[in-house]
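Tertiary structure, described
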Amino acid sequence: MKKLINDPRDVPMEVLEGFAAAYQSDYELVEGVKGIRKKNRGKGPAVVIGGGSGHEPMFAMFVGENLADAAACGNIFASPDPNTIVKTALSVENGNGILFLYGNYSGDRLNFDMASEILEDMGIQCRSIQVWDDVASAPKERIQDRRGIAGDVFVIKAAGAAAGAGKCLDEVYRIAQMARDNTFSVGTALSGGTIPGEKQAIFTLPDGEIEFGMGVHGEPGVKRMPVLTADATLDMMLDLLVKEAGLEAGDRVNCLINGLGSTTLAELYIMNRRLVKRMQELEIQVQDYDVNSYITCQEMAGVSLSVLKLNDELKDYMDMPCSSPHYTKERK
C-alpha cells in the first residue's frame, strides 16, 4: 500500500512533530513521549484526551481553546502507555485536577486507569470518562461494552467548554458524562484502511458489499449487505439512532456526519442533504449540522453518523466557541 511516510515505526511521532511545527505559536510537544499540549492553558481542571494514532485529526488535533489541554498518543491503533499518559497529564496539571477522556477500549481503560493511580498517589485528583457511543457494538443492557467512535467529538467539546467556563473537576466530569450518555453513533464501511508499513488492508469487502456497524479499527460490524445509495445508507443509520436515542418530535439534537478517511466531502454532503430532509420530516430540531472527517481509520472508505440529544445545559456548552486547527466553532 503506497503512503508518503518514512519509517512506519516513526509515523505517530513524526505526525506530532509536523503538527507542532505548523502551529508552534500555540502547541508544543511533551518531552520524551508522544504527547502534545497547549502552550497557554486556562486555570481550570486539565482535560487530557488520548488514544491510538491513525485516527487523525483525533486525538492530537482536538487540543485547543475550550477543547482538550493535551493529548497522549499511542502507536497506530494502540493505546498510549501509562508513562506517556502520566507525563502528558503532568505537563498541563495546575492543581485543579485532571479529567481523562478516551474511547472505550480495553487497552485504553487499562493504561489510563494505571496512569490515574500513579497520579492519585502523587496527590493529583483524577476523573475518567470512557466514550461508548457506538450503538452497533453492544445492546443497551451492555452499554458499557460499546465502543467509542465519532461521538468523542461531542464529549470533548462539552468537557473543554465546561473547563473553559471555569467549572471545577467534578462539574466538568458531570457535564462530560451527560454528553457521553446522550451521544449515539453508528458507522458503515465500504473498504478497509491500512496500518502504515503493512501490505494488506485491515479487512476487505467483496465488490458490491458494505459492512454496517463497522468500528474505527476495522472491528466487524453487525451485517454485510449490498451497496446502497447515499439516501438509503443515511436512512438506515438514522432510523437506528432515532430508536436508540428515543428521539421524538420536538427534541433538539446536534448531528455529525463523519468521514472515515477516504470518503469525499461530496459524498458526506450528499448524505447531509438527506439528513436535513429526514430531520425536518421527523420534526426533530437540529441545533448544528457538522460534516467533516474527524475520527478516521487511515484511508478507510465509509461514514458514521452521530447524534447528541440536547438539553438546555448541554446546548450552552455545545454553542460555546472553541478553536483548534482542525476543529473550530464560532458563537452563534
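Presented here is a report on the structure given in the accompanying data block. Given the structure is predicted, the values throughout are model-derived calculations rather than measurements.

**Digging into the overall build of the protein chain**
- Scanning the protein chain from terminus to terminus reveals eight helices and 14 strands.
- In summary, the protein chain has a C-alpha radius of gyration of 19 Å against a globular reference of 20 Å for 332 residues, a match within 12%.
- C-alpha atoms of the protein chain, sized along the principal axes, occupy 55 × 50 × 40 Å.
- Pairs at least 24 residues apart make up 71% of the contacts formed inside the protein chain by residues separated by at least 6 positions.
- Of the accessible surface of the protein chain, which amounts to about 13900 Å², a share of 48% is contributed by carbon and sulfur atoms.
- Positive and negative charge centroids in the protein chain, built from 34 and 47 side chains respectively, lie 2 Å apart.

**Some words on the environment of Ala 232**
- Following the sequence through the fold, Ala 232 ends up in helix α6 (residues 230-245).
- It is 31 Å that separates the C-alpha atoms of Ala 232 and Phe 62, two residues lying 170 residues apart in sequence.

**A few points about α6**
- Between its first and last C-alpha atoms α6 spans 22 Å; for 16 residues at 1.5 Å apiece the expected length is 22 Å, and the two agree.
- Listing the buried residues of α6 in full gives Thr 233, Leu 234, Asp 235, Met 236, Met 237, Leu 238, Leu 241, Val 242, Glu 244 and Ala 245.
- Buried residues in α6 make contact with β7 (183-191), β8 (209-212), β9 (223-226), α7 (265-282) and β12 (301-309).
- Positive backbone phi, approximately 65°, marks Gly 246, located one or two places after α6.

**Details of the sheet that holds β7**
- Taken in spatial order, the six strands of this open sheet run β9-β8-β7-β12-β10-β11, and their pairing is mixed. Two strands close off the open sheet at either side, each with one partner strand: β9 and β11 (285-292). For this sheet the average axis-to-axis angle between neighbouring strands, irrespective of direction, equals 20°.
- Looking at chain direction, β8 and β9 are connected through four bridges and run antiparallel. By the bridge assignment for β9, Phe 212 is matched with Lys 223.
- Against the sheet, α6 makes contact with β7, β8, β9 and β12, and its axis sits at roughly 155° relative to β7, the strand it touches most.

**Some remarks on the pairing of β12**
- By the criterion of burial, β12 is predominantly enclosed, with eight of the nine residues buried.
- Where β7 meets β12, eight bridges bridge the pair, whose relative direction is antiparallel. Paired with Thr 183 across the strands is Leu 308, a residue of β12.
- Pairing of strand β10 (residues 252-259) with β12 involves seven bridges; the strand directions are antiparallel. Note that in β12 the partner of Ile 257 across the bridge is Leu 305.

**Things to note about the side chain of Thr 194**
- Within the secondary structure, Thr 194 is located in the loop between β7 and β8.
- Judged by its relative accessible area of 0%, Thr 194 is buried.
- Among the polar contacts listed, one links the side chain of Thr 194 to the side chain of Lys 3, at a separation of 3.5 Å.
- Leaving out residues up to four positions away in the same chain, Thr 194 has contacts with Met 1, Lys 3, Gln 200, Ala 201, Ile 202, Gln 298 and Glu 299.

**Examining the packing of α6 against α7**
- Here α6 crosses α7 at 45°, and the two axes come no closer than 9 Å. Taken together, α6 and α7 sit at an angle that is classed as oblique. Along this stretch, α6 crosses α7, giving a crossing that reads as right-handed. Every residue of α7 that contacts α6 at Ala 230, Asp 231, Thr 233, Leu 234, Asp 235, Met 237, Leu 238, Asp 239 and Val 242 is listed here: Ile 270, Met 271, Arg 273, Arg 274, Leu 275, Arg 278, Met 279 and Leu 282.

**Quick notes on the pairing of β11**
- The sheet contact formed by β10 and β11 spans seven bridges and is parallel. Paired with Cys 255 across the two strands is Tyr 289, which belongs to β11.
- Between the parallel pair β10 and β11, the chain is carried across by α7, and the sense of this crossover is right-handed.

**As for the nonpolar core**
- Membership of the largest hydrophobic core comes to 48 residues, with the highest contact counts inside it found for Ile 36, Ile 49, Phe 62 and Leu 101.
- Those elements that place two or more of their residues in this core are α1 (11-22), β3 (46-53), β4 (70-76), β5 (98-103), β6 (126-131), α4 (152-164), α5 (169-181) and α8 (312-319).
- In terms of residue count, α4 provides more of this core than any other element does, nine residues in total.
- Residues within four places of Ile 49 in sequence aside, it is in contact with Phe 59, Phe 62, Ala 68, Ala 70, Ala 71, Ala 72, Leu 101 and Ile 156.
- Among the nonpolar cores identified, the runner-up in size contains 27 residues, and Phe 184, Leu 234, Met 279 and Val 303 belong to it.

Thresholds applied
Every residue gets a number counted from 1 within its own chain, in the order that chain's sequence is written. Given that the model is predicted, a residue must reach a pLDDT of at least 70 before its local features are reported, and side-chain atom pairs must reach 80 or more before they are shown or counted; all residues, however, enter totals for whole chains, interfaces and linings. To get the side-chain values, all heavy atoms of the structure are used, and hydrogens and water are removed first. Secondary structure counts use DSSP, requiring at least four H or I residues in a row for a helix and at least two E residues in a row for a strand, with both numbered from the N terminus. Atoms counted for the radius of gyration: C-alpha only. Globule rule: 2.2 Å times residue count to the power 0.38. Any two residues having at least one pair of non-hydrogen atoms within 4.5 Å are treated as being in contact. Note that accessible areas follow from Shrake-Rupley with a 1.4 Å probe, and for residues the cover is restricted to the protein chains shown. When charges are tallied, Lys and Arg are placed among the positive residues and Asp and Glu among the negative ones, while His and the ends of the chain are skipped. To locate a charge, the coordinates of NZ of Lys, CZ of Arg, CG of Asp or CD of Glu are taken. The length a helix should cover is 1.5 Å for every residue beyond the first. Working definition: with a 1.4 Å probe on protein chains only, accessible area under 20% of the residue-type maximum means buried, over 50% means exposed, and in between means partly exposed. At least two DSSP bridges between two strands are required for those strands to pair. Throughout, an axis means a line fitted to C-alpha atoms (over the contacting stretch in the case of helices), and angles, computed between N-to-C directions, take values from 0 to 180 degrees. Here a polar contact is taken to be a pair of N or O atoms separated by no more than 3.5 Å, where protein atoms must pair a possible hydrogen donor with a possible acceptor and residues adjacent in sequence count only if both atoms sit in side chains. Oblique is the label for every angle not falling under 35 degrees (roughly parallel), over 145 degrees (roughly antiparallel), or within 65 to 115 degrees (roughly perpendicular). In this scheme the handedness of a crossing depends on how the near helix is turned from the far one: anticlockwise by less than a right angle means left-handed, clockwise means right-handed. For the handedness criterion, the strands are oriented away from the viewer, and a crossover whose path from the first strand over the helix to the second runs clockwise is classed as right-handed. In this text, buried Ala, Val, Leu, Ile, Met, Phe, Trp, Tyr and Cys residues form a nonpolar core when linked through side-chain atoms within 4.5 Å.

Keep in mind that these numbers describe shape and distance, not what the molecule does.
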